[in-house]
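Here is what each chain is made of, one letter per residue.
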Amino acid sequence: MQFKRILLKLSGESLMGDQGYGIDSQRLNDYAEQIAEIAGMGIQIGIVIGGGNIFRGLSGAAKGFDRYKGDQMGMMATVINSLALASALEHLSVKTRVLTAIRMEPVGEFYSKPKAMEALSNNEVIIMSAGTGNPYFTTDTGSSLRGIEIEADVMLKGTRVDGVYTADPEKDPTATKYDSISFDEVYNKGLKIMDLTATAMCMENKLPVLVFNMDVKGNLKKVLTGQKIGTLVHP
Ligand code: UDP
């Protein structure tokens, strides 16, 4: 098998489905089913989930919220999503543990690498919530950090698009998809995959990122069975 340990990044925004806000239970269950399918293949799975479906610090700041508090609200939003996903996974009999970057037992256990590694080796799915625990970061950076810490073979970035394109395919009909591209090219061409902090961390620590469409059911399994979908961003 290509990847033995993965960091799966899910966007909070995708979780809201067509609702425009909050958690769409159909989308949540679709994600849980896809994850359950690969958990059964013996892959070690670490998950980081965003919070954009509930609150983003930057958009809060634009409305007059204090950025520091707004970011804390965003991190809490990722905990809410993590609990929802854990609950959906447990419903499918997948053993799941929520770890938090900010202490808040008994909502989740305080994150540490040894705790994460132990759970992974027991074949528990771990959901690492509250991003990095610090304001001014994003969950993309949180997932780069956690992916590097748990020594994942790859970060699978589940999005609503099926990969990285030469230009925005919604604006430019001539845009074509890359099957693979280097971090240097991504940077030099100014392509937007993740924020710069997250991209730089993956690049410096040689963590490849595979961007794929998580909203098509079955795609996660396709990635893990070596089918050529999405775009691989490599060091
Ligand atoms: N956030 C933060 N520090 C982190 C991770 C997240 O302050 O390490 C906050 C930030 O306000 C962000 C929000 O949590 O806007 C939700 O995360 P993100 O926007 O990355 O979610 P996504 O876009 O993936 O839904």
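Reading guide: rules and limits
Residues numbered from 1 in each chain as written. Predicted model: local features only at pLDDT ≥ 70, side-chain atom pairs only at ≥ 80, totals over all residues. Heavy atoms only, no water. Near = heavy atom within 4 Å. Polar contact = N/O pair within 3.5 Å; in protein donor to acceptor, adjacent residues only side chain to side chain. Areas by Shrake-Rupley, 256 points an atom, 1.4 Å probe, with all protein chains shown as cover. 1 Å grid on protein atoms, 1.4 Å probe; cavity = no way out; pocket = protein on both sides within 12 Å on 5 of 7 lines; lining within 4 Å. Sits in = over half its atoms within 2 Å of the grid points. Helix = DSSP H or I, 4+ residues; strand = E, 2+ residues; numbered from the N terminus. Nonpolar A, V, L, I, M, F, W, Y, C, P; charged D, E, K, R; others polar. Axes fitted to C-alpha atoms, helices over the stretch in contact; angles between N-to-C directions. Parallel < 35°, antiparallel > 145°, perpendicular 65-115°, else oblique. Left-handed = near helix turned anticlockwise from the far one by under 90°. Contact = heavy atoms within 4.5 Å. Core = buried A, V, L, I, M, F, W, Y, C linked by side-chain atoms within 4.5 Å. Buried < 20%, exposed > 50% of the residue type's maximum accessible area, 1.4 Å probe, protein only. Pairing = 2+ DSSP bridges.

Focus: the site of the ligand
Not every one of the 20 residues close to the ligand is listed here, only the nearest: Arg56, Asp71, Thr132, Asn134 and Thr139. Here Lys9 contributes a side-chain N or O atom positioned 3.1 Å from an oxygen atom of the ligand. Gly57 is positioned with one of its backbone polar atoms (N or O) 2.8 Å from an oxygen atom of the ligand. Notes on the ligand: free accessible area 530 Å², of which the protein chains cover 92%. Assessed atom by atom at 2 Å from the grid points, the ligand resides in the largest pocket. The set of elements that each furnish at least two residues to the shell around the ligand consists of helix 1 (12-15) and helix 4 (67-91). The greatest single-element share of the shell around the ligand, amounting to three residues, is contributed by helix 4. Residues of the shell around the ligand, tallied by class, amount to four nonpolar, 12 polar and four charged.

Notes on the packing of helix 6 (residues 139-149) against helix 8 (residues 196-204)
As a packed pair, helix 6 and helix 8 sit with axes 8 Å apart at the nearest point and diverge in direction by 15°. Classed by the angle they form, the pair helix 6 and helix 8 counts as roughly parallel. For the crossing formed where helix 6 meets helix 8, the hand is left-handed. Here Asp140, Thr141, Ser144, Leu145 and Ile148 of helix 6 lie close against helix 8, whose contacting residues are Thr197, Ala198, Met201 and Cys202. Grouping the amino acids of the contact of helix 6 with helix 8 by side-chain chemistry returns five nonpolar, three polar and one charged.

Topic: the nonpolar core
Counting residues in each nonpolar core, the largest one holds 31 residues, and the members touching the most others are Ile6, Leu8, Ile35, Ile47, Leu85 and Leu156. Beyond its immediate sequence surroundings of up to four residues, Ile35 is in contact with Leu8, Leu10, Ile45, Ile47, Leu85, Leu89, Met214 and Leu220. By size, the runner-up hydrophobic cluster in this structure holds 26 residues, among which are Val48, Met155, Ile181 and Ala198.

Here's the deal with the pairing of strand 3 (residues 96-100)
Summarising burial for strand 3: five of the five residues are buried, a large majority. Along strand 3, one buried face is formed by Thr96, Val98 and Thr100 and the opposite face, lined by Arg97 and Leu99, is buried too. Where strand 3 lies against strand 5 (residues 125-129), five bridges are found, and the strand directions are parallel. Each bridged residue has a counterpart across the sheet, and for Thr96 the counterpart in strand 5 is Val125.

Focus on the sheet that holds strand 7 (residues 180-182)
In spatial order, the strands read 4-3-5-2-1-6-8-9-7; together these nine strands make up an open sheet with mixed pairing. Bordering the open sheet on either side are strand 4 (109-110) and strand 7, each of which pairs with just one other strand. With six bridges joining them, strand 1 (residues 5-10) and strand 2 (residues 44-49) adopt parallel strand pairing. Residue Leu10 lies in a different strand from strand 2, and its bridge partner there is Ile49. In the packing of helix 4 onto the sheet, the strands contacted are strand 1, strand 2, strand 3 and strand 5, and the crossing angle to strand 5 comes to about 165°.

Nothing here speaks to function; it is all geometry.
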